[in-house]
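# Results of the structural survey
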Amino acid sequence: MRLQVGGQVREQDGRLVVRVDLTNEGDAAARGMQVEGELLDARSEAALADPLGPGATAPVELSFPGAVPRPGVHGLGLHLRYWPDGAPAGAEATSQRAYLLLALGANPAPSVRLTVPEARLARHGVVPVRLESADGEAHAVTLRALAPRGVNAREPEGPVRVPAAGSVTAALRVLRAGAPPGTRAGLVVMATEVEGPLARTAVATGLVEIAPARPWLPRLRVPLVAAALALIAGAVGLELRAWARRA
(Lines give C-alpha, C1' and ligand atoms only; values in the text may rest on other atoms or scores of the structure.)
Protein backbone atom coordinates (compact mmCIF):
# COMPACT_ATOMS: atom_id res chain seq x y z
CA MET A 1 0.00 0.00 0.00
CA ARG A 2 1.22 3.49 -0.82
CA LEU A 3 -0.21 6.83 0.17
CA GLN A 4 0.10 9.99 -1.89
CA VAL A 5 -0.05 13.44 -0.36
CA GLY A 6 -1.03 16.89 -1.55
CA GLY A 7 -2.20 20.02 0.16
CA GLN A 8 -1.86 23.72 0.73
CA VAL A 9 -0.91 26.21 3.43
CA ARG A 10 -2.75 29.22 4.84
CA GLU A 11 -2.18 31.75 7.59
CA GLN A 12 -4.71 31.68 10.39
CA ASP A 13 -4.58 33.55 13.71
CA GLY A 14 -0.86 34.15 13.34
CA ARG A 15 -0.05 30.51 12.62
CA LEU A 16 0.66 28.45 9.53
CA VAL A 17 -2.03 25.84 8.98
CA VAL A 18 -1.18 23.12 6.46
CA ARG A 19 -3.93 20.97 5.02
CA VAL A 20 -2.51 17.59 4.05
CA ASP A 21 -4.65 15.58 1.64
CA LEU A 22 -4.02 11.84 1.98
CA THR A 23 -4.91 9.56 -0.93
CA ASN A 24 -4.89 5.78 -0.58
CA GLU A 25 -3.59 4.26 -3.83
CA GLY A 26 -3.58 0.73 -2.45
CA ASP A 27 -6.20 -2.01 -2.54
CA ALA A 28 -6.82 -2.18 1.23
CA ALA A 29 -8.08 0.37 3.72
CA ALA A 30 -5.59 2.15 5.99
CA ARG A 31 -6.66 2.21 9.65
CA GLY A 32 -5.42 4.30 12.56
CA MET A 33 -3.80 6.91 10.32
CA GLN A 34 -1.39 9.18 12.19
CA VAL A 35 0.40 12.08 10.50
CA GLU A 36 3.41 13.87 11.95
CA GLY A 37 4.87 16.93 10.24
CA GLU A 38 8.07 18.91 10.74
CA LEU A 39 8.43 22.44 9.36
CA LEU A 40 11.11 24.98 10.30
CA ASP A 41 12.15 22.92 13.35
CA ALA A 42 8.56 22.78 14.66
CA ARG A 43 6.39 19.65 14.86
CA SER A 44 2.68 19.00 14.63
CA GLU A 45 0.54 15.86 14.70
CA ALA A 46 -2.90 14.87 13.48
CA ALA A 47 -4.94 11.70 13.03
CA LEU A 48 -7.80 10.34 10.94
CA ALA A 49 -10.67 9.01 12.96
CA ASP A 50 -12.02 6.79 10.16
CA PRO A 51 -10.25 4.26 7.95
CA LEU A 52 -9.02 5.56 4.59
CA GLY A 53 -10.46 3.24 1.96
CA PRO A 54 -8.87 2.29 -1.37
CA GLY A 55 -8.98 5.22 -3.78
CA ALA A 56 -10.28 7.58 -1.09
CA THR A 57 -8.84 10.97 -0.12
CA ALA A 58 -9.15 12.62 3.28
CA PRO A 59 -7.57 15.75 4.80
CA VAL A 60 -5.83 16.41 8.09
CA GLU A 61 -4.54 19.77 9.34
CA LEU A 62 -1.17 20.53 10.91
CA SER A 63 -0.47 23.80 12.71
CA PHE A 64 2.91 25.53 13.04
CA PRO A 65 4.23 28.86 14.37
CA GLY A 66 3.72 31.67 11.87
CA ALA A 67 7.24 33.13 12.07
CA VAL A 68 9.20 32.40 8.88
CA PRO A 69 12.88 33.32 9.26
CA ARG A 70 13.43 33.50 5.51
CA PRO A 71 10.80 33.67 2.76
CA GLY A 72 10.88 31.09 0.01
CA VAL A 73 10.13 27.43 -0.56
CA HIS A 74 10.41 25.26 2.55
CA GLY A 75 10.08 21.49 2.85
CA LEU A 76 7.44 20.00 5.13
CA GLY A 77 8.65 16.53 6.15
CA LEU A 78 5.84 14.05 6.80
CA HIS A 79 5.78 10.75 8.67
CA LEU A 80 2.70 8.61 7.99
CA ARG A 81 1.88 5.66 10.23
CA TYR A 82 -1.08 3.31 9.70
CA TRP A 83 -2.24 -0.31 9.70
CA PRO A 84 -3.41 -1.87 6.41
CA ASP A 85 -6.79 -3.54 6.70
CA GLY A 86 -6.21 -7.20 7.49
CA ALA A 87 -2.93 -6.68 9.33
CA PRO A 88 -2.51 -9.29 12.12
CA ALA A 89 -3.23 -8.28 15.68
CA GLY A 90 -0.20 -6.83 17.38
CA ALA A 91 1.53 -5.93 14.12
CA GLU A 92 3.57 -2.75 14.02
CA ALA A 93 2.17 0.16 12.07
CA THR A 94 3.38 0.69 8.53
CA SER A 95 5.75 3.65 8.35
CA GLN A 96 6.04 5.86 5.26
CA ARG A 97 7.82 9.14 4.60
CA ALA A 98 6.43 11.92 2.39
CA TYR A 99 6.79 15.65 1.87
CA LEU A 100 5.21 18.87 0.68
CA LEU A 101 6.98 21.93 -0.70
CA LEU A 102 5.43 25.11 0.70
CA ALA A 103 5.91 28.60 -0.77
CA LEU A 104 6.00 30.96 2.22
CA GLY A 105 6.26 34.59 1.19
CA ALA A 106 8.02 33.80 -2.10
CA ASN A 107 8.16 31.01 -4.65
CA PRO A 108 11.68 30.80 -6.12
CA ALA A 109 12.85 27.93 -8.31
CA PRO A 110 15.20 25.38 -6.71
CA SER A 111 18.88 26.25 -6.95
CA VAL A 112 20.09 22.65 -7.38
CA ARG A 113 19.00 19.32 -8.75
CA LEU A 114 19.65 16.13 -6.83
CA THR A 115 19.46 12.42 -7.54
CA VAL A 116 19.13 9.68 -4.93
CA PRO A 117 20.03 6.27 -6.42
CA GLU A 118 18.59 2.99 -5.24
CA ALA A 119 20.79 1.19 -2.74
CA ARG A 120 21.04 -2.21 -1.08
CA LEU A 121 22.38 -2.87 2.38
CA ALA A 122 22.56 -5.60 4.98
CA ARG A 123 23.38 -3.57 8.09
CA HIS A 124 24.74 -0.24 6.90
CA GLY A 125 25.86 1.49 3.75
CA VAL A 126 26.33 4.77 1.93
CA VAL A 127 23.90 6.26 -0.59
CA PRO A 128 25.76 8.64 -2.96
CA VAL A 129 23.48 11.66 -3.44
CA ARG A 130 24.40 13.51 -6.64
CA LEU A 131 23.89 17.29 -6.78
CA GLU A 132 24.32 19.78 -9.60
CA SER A 133 23.50 23.45 -10.08
CA ALA A 134 20.11 24.23 -11.62
CA ASP A 135 21.02 27.75 -12.79
CA GLY A 136 24.71 27.65 -13.68
CA GLU A 137 25.84 29.25 -10.42
CA ALA A 138 27.64 27.78 -7.42
CA HIS A 139 25.55 27.09 -4.32
CA ALA A 140 25.85 25.88 -0.75
CA VAL A 141 23.00 23.66 0.46
CA THR A 142 22.15 21.67 3.55
CA LEU A 143 20.80 18.16 3.16
CA ARG A 144 17.94 16.73 5.20
CA ALA A 145 17.10 13.04 4.98
CA LEU A 146 13.84 11.40 6.04
CA ALA A 147 13.63 7.63 6.52
CA PRO A 148 10.79 5.41 7.77
CA ARG A 149 10.90 3.51 11.04
CA GLY A 150 13.51 0.76 11.00
CA VAL A 151 16.04 2.72 8.95
CA ASN A 152 18.28 5.58 10.07
CA ALA A 153 19.69 8.06 7.55
CA ARG A 154 22.43 10.49 8.49
CA GLU A 155 23.17 13.51 6.34
CA PRO A 156 26.61 15.09 5.89
CA GLU A 157 27.50 17.60 8.58
CA GLY A 158 27.63 21.18 7.35
CA PRO A 159 26.71 22.56 3.94
CA VAL A 160 27.48 20.82 0.66
CA ARG A 161 29.23 23.02 -1.91
CA VAL A 162 27.70 22.55 -5.36
CA PRO A 163 29.84 23.89 -8.24
CA ALA A 164 28.49 26.07 -11.04
CA ALA A 165 29.29 23.34 -13.57
CA GLY A 166 29.52 19.61 -13.11
CA SER A 167 28.27 17.75 -10.08
CA VAL A 168 29.25 16.80 -6.57
CA THR A 169 28.43 13.67 -4.56
CA ALA A 170 27.42 13.77 -0.91
CA ALA A 171 27.50 10.62 1.22
CA LEU A 172 24.22 9.77 2.93
CA ARG A 173 24.95 7.15 5.58
CA VAL A 174 22.13 4.64 6.03
CA LEU A 175 21.83 2.17 8.89
CA ARG A 176 19.39 -0.67 9.30
CA ALA A 177 17.67 -0.18 12.67
CA GLY A 178 15.12 -2.98 12.80
CA ALA A 179 13.74 -3.05 9.26
CA PRO A 180 12.96 -6.68 8.33
CA PRO A 181 15.26 -8.35 5.77
CA GLY A 182 13.86 -8.36 2.24
CA THR A 183 11.86 -5.15 2.67
CA ARG A 184 12.26 -1.81 0.92
CA ALA A 185 12.34 1.63 2.52
CA GLY A 186 11.59 4.92 0.77
CA LEU A 187 13.89 7.86 1.48
CA VAL A 188 13.16 11.57 1.06
CA VAL A 189 16.15 13.91 0.68
CA MET A 190 15.80 17.70 0.71
CA ALA A 191 18.46 20.23 -0.32
CA THR A 192 17.94 23.82 0.88
CA GLU A 193 19.98 26.85 -0.11
CA VAL A 194 21.82 28.29 2.89
CA GLU A 195 22.90 31.60 1.34
CA GLY A 196 20.88 34.42 -0.18
CA PRO A 197 17.67 36.17 0.86
CA LEU A 198 15.35 33.35 -0.28
CA ALA A 199 15.01 29.74 0.80
CA ARG A 200 15.23 27.54 -2.29
CA THR A 201 14.50 23.85 -1.76
CA ALA A 202 14.84 20.82 -4.02
CA VAL A 203 13.63 17.30 -3.19
CA ALA A 204 14.34 13.81 -4.51
CA THR A 205 13.29 10.35 -3.37
CA GLY A 206 15.07 7.02 -3.42
CA LEU A 207 14.71 3.42 -2.29
CA VAL A 208 16.83 1.31 0.02
CA GLU A 209 16.47 -2.47 -0.16
CA ILE A 210 17.26 -4.41 2.99
CA ALA A 211 19.16 -7.52 1.87
CA PRO A 212 17.51 -10.86 2.67
CA ALA A 213 19.00 -12.72 5.59
CA ARG A 214 21.73 -15.13 4.57
CA PRO A 215 21.03 -18.74 5.62
CA TRP A 216 23.35 -19.76 8.41
CA LEU A 217 23.41 -23.49 7.67
CA PRO A 218 25.44 -23.34 4.39
CA ARG A 219 28.11 -21.32 6.15
CA LEU A 220 28.32 -23.91 8.93
CA ARG A 221 28.11 -26.99 6.71
CA VAL A 222 31.87 -27.57 6.47
CA PRO A 223 32.66 -27.09 10.17
CA LEU A 224 29.64 -29.24 11.13
CA VAL A 225 30.75 -32.06 8.84
CA ALA A 226 34.31 -31.81 10.21
CA ALA A 227 33.02 -31.95 13.77
CA ALA A 228 30.83 -34.95 12.96
CA LEU A 229 33.77 -36.81 11.37
CA ALA A 230 35.91 -36.01 14.40
CA LEU A 231 33.26 -37.44 16.71
CA ILE A 232 32.96 -40.58 14.59
CA ALA A 233 36.73 -41.02 14.53
CA GLY A 234 36.88 -40.56 18.29
CA ALA A 235 34.14 -43.12 18.84
CA VAL A 236 35.87 -45.63 16.55
CA GLY A 237 39.15 -45.08 18.40
CA LEU A 238 37.50 -45.76 21.75
CA GLU A 239 35.92 -48.95 20.43
CA LEU A 240 39.26 -50.16 19.05
CA ARG A 241 41.02 -49.54 22.36
CA ALA A 242 38.26 -51.29 24.27
CA TRP A 243 38.45 -54.26 21.87
CA ALA A 244 42.24 -54.41 22.29
CA ARG A 245 41.92 -54.55 26.08
CA ARG A 246 39.37 -57.34 25.90
CA ALA A 247 41.59 -59.29 23.53
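Above this note sits the structure.
These figures come from a predicted structure and were not determined experimentally.

### Some thoughts on the sheet that holds strand β14 (residues 167-176)
Taken together, the four strands give an open sheet; going across it, the order is β8-β10-β14-β12, and neighbouring strands pair in antiparallel fashion. Both outer strands of the open sheet, β8 (112-115) and β12 (151-154), are each paired with one neighbouring strand and no more. With direction set aside, neighbouring strand axes in the sheet form an average angle of 30 degrees. Sheet topology places β12 next to β14; four bridges connect them, and they run antiparallel. When the bridges of β14 are listed, Arg154 appears paired with Arg173.

### Digging into unusual backbone geometry
Non-glycine residue Asp13 carries a positive phi angle of around 55 degrees. By the element assignment, Asp13 lies in the loop between β1 (3-12) and β2 (15-24). Positive phi, normally seen in glycine, also occurs at Asp41, with a value near 65 degrees. Among the structural elements, Asp41 can be located in the loop between β3 (30-39) and β4 (42-47). Using a relative accessible area of 75% as the deciding quantity, one classes Asp41 as exposed.

### A short note on the pattern of salt bridges
In the structure shown here, the tally under the stated rule is 15 salt bridges. For the salt bridge of Glu36 with Arg81, the shortest nitrogen-to-oxygen distance reads 3.5 Å. Of this pair, Glu36 sits in strand β3 while Arg81 sits in strand β6 (residues 72-84), and the two are 45 residues apart along the sequence. With respect to burial, Glu36 and Arg81 carry one shared label: buried. In this structure, Glu132 engages Arg130 in a salt bridge whose closest nitrogen and oxygen atoms are separated by 3.8 Å.

Conventions we followed
For every chain, the first residue of the written sequence is number 1, and numbering continues from 1 onward in sequence order. Totals for whole chains, interfaces and linings use every residue, but because this is a predicted model, local features are given only for residues with pLDDT of at least 70 and side-chain atom pairs only at 80 or more, for both listing and counting. By convention in this description, side-chain values take in all heavy atoms of the structure and omit both hydrogens and water. We call two strands paired when DSSP finds no fewer than two bridges between them. Labels follow the DSSP assignment, with helices taken as runs of H or I lasting at least four residues and strands as runs of E lasting at least two, numbered in each case from the N terminus. Axes here refer to lines fitted to C-alpha atoms; in helices the fit is confined to the stretch in contact. Angles between the N-to-C directions go from 0 to 180 degrees. Type-normalised accessible area, obtained with a 1.4 Å probe on protein chains alone, sets the label of each residue: buried when under 20%, exposed when over 50%, and partly exposed for intermediate values. Any Lys or Arg side-chain nitrogen located within 4 Å of an Asp or Glu carboxyl oxygen qualifies as a salt bridge.

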